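# Chain and residue survey
One letter stands for each residue in the lines below.
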Amino acid sequence: MKTLILNKENIYTGNLTLINAKNPLRNEKAASLIPADPSFPDILIQREAANILQFILDKISAENSIVPVSGYRSYAEQKYIYDESMRENGEEFTRRYVALPNHSEHQTGLAIDLGLNLPDIDFIRPEFPYEGICEKFRRTAPNYGFIERYSKDKEEITGISHEPWHFRYVGYPHSEIIAKKGFSLEEYILFIKFFRENGKYIFHGKNKTEIEIYYVPASNEKTELSLPESSAYQISGNNTDGFIVTVWRNI
């Protein structure tokens, strides 16, 4: 076994960080950003998410039918969008569809708004219907790490109105578990808290892998983790009070 020491600041980083009205962004520096699509060099997301997004689009032969509309935003960009929407669309619309600065997933670089490639694309609410190539993307995405973040039946939980165009990278297998169980990200973060190091959640993944997932509450200053020497693993803060550990084991 090997020992890993995590600092309190690590709670606020990782693919599973929960950003919403109650849990603001605390780590303002996004990881390495690259274009979500080479044809749109100004629309950026985190490198891992960008690579997976392109893999999915290639897999479903989306070609130029699906385009990125909005990716990473700085605090200043999110504030500008929020203020502009308040002026143009009013308070009710803005609170439903635009997050306050530092409460937007777009500031993490893990969120992407997608739209059909139309002559006129609405920046705030792009067209992404539940049919055709868009639905094909929606059904394929959880197999590789993306989830539709704001579904209609979870509006009271997420605090955001239905956004069929907004996708969030959480990584595999978390995306597949969320999709199969019909969870919002909020519900998944709570669900995983029931599983600790002595009672892990076991997921049987691709290529005969057994994946262990469990929650570790953060200590006041430093948190010590013991991990197997030979297994791949990922650790993500949940942006509230601890860490979600994912360990891959061959079976």
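To keep things clear, this report deals only with the structure shown in the data block.

Scoring rules and cut-offs
- Along each chain, the written sequence defines residue order, and numbers are assigned to residues from 1.
- Totals for whole chains, interfaces and linings use all residues, but because this is a predicted model, local features are given only for residues with pLDDT of at least 70 and pairs of side-chain atoms are given and counted only at 80 or more.
- Computation of side-chain values: all heavy atoms of the structure, hydrogens and water removed.
- Relative accessibility thresholds used throughout: buried, under 20% of the residue-type maximum; exposed, over 50%; partly exposed, between the two (1.4 Å probe, protein chains only).
- The way it works is that DSSP assigns letters per residue, a run of H or I at least four long becomes a helix, a run of E at least two long becomes a strand, and they are numbered from the N terminus.
- Any two strands between which DSSP finds at least two bridges are classified as paired.
- Note on definitions: the grid is 1 Å and covers protein atoms alone; a cavity is a set of points where a 1.4 Å probe fits but cannot get out; a pocket is an open set with protein on both sides within 12 Å along at least five of seven lines; lining residues have an atom within 4 Å of a point.
- Grid points are joined across faces, edges and corners, and a volume is the space filled by probe spheres set on the points.
- In this classification, Asp, Glu, Lys and Arg are treated as charged, Ala, Val, Leu, Ile, Met, Phe, Trp, Tyr, Cys and Pro as nonpolar, and every other residue, Gly included, as polar.
- Residue contacts follow a heavy-atom distance rule, with two residues in contact if any of their heavy atoms lie within 4.5 Å.

## Topic: the pairing of strand β6 (residues 146–150)
- In terms of burial, β6 is a largely internal element, 5 of the 5 residues being buried.
- Two elements, β6 and strand β7 (residues 163–169), share 4 bridges in a ladder whose sense is antiparallel. Each residue of the ladder has a partner; that of E148, found in β7, is F167.

## Observations regarding empty space enclosed by the protein
- Applying the stated criterion across every chain, the model contains 1 cavity of 30 Å³ or more.
- In terms of lining residues, the largest cavity is bounded by 17 residues, among which R73, Y97, A99, H106 and E163 are the most central.
- Looking at the lining of the largest cavity, the elements that each hand over two or more residues are α2 (75–89) and β7.
- Considering each element in turn, the lining of the largest cavity owes the most residues, 3 residues, to β7.
- Residues belonging to the lining of the largest cavity are distributed by class as follows: 9 nonpolar, 4 polar and 4 charged.

## Details of the environment of V247
- Looking at the element boundaries, V247 is found in strand β12 (residues 242–250).
- Classification of V247 by relative accessible area gives buried; the value is 1%.
- Remark: the alpha-carbon pair of V247 and I211, spanning 36 residues in sequence, is separated by 5.6 Å.
- With residues up to four places along the chain from it excluded, the contact list for V247 reads E210, I211, E212, Y214, L227, P228, S231, A232 and Y233.

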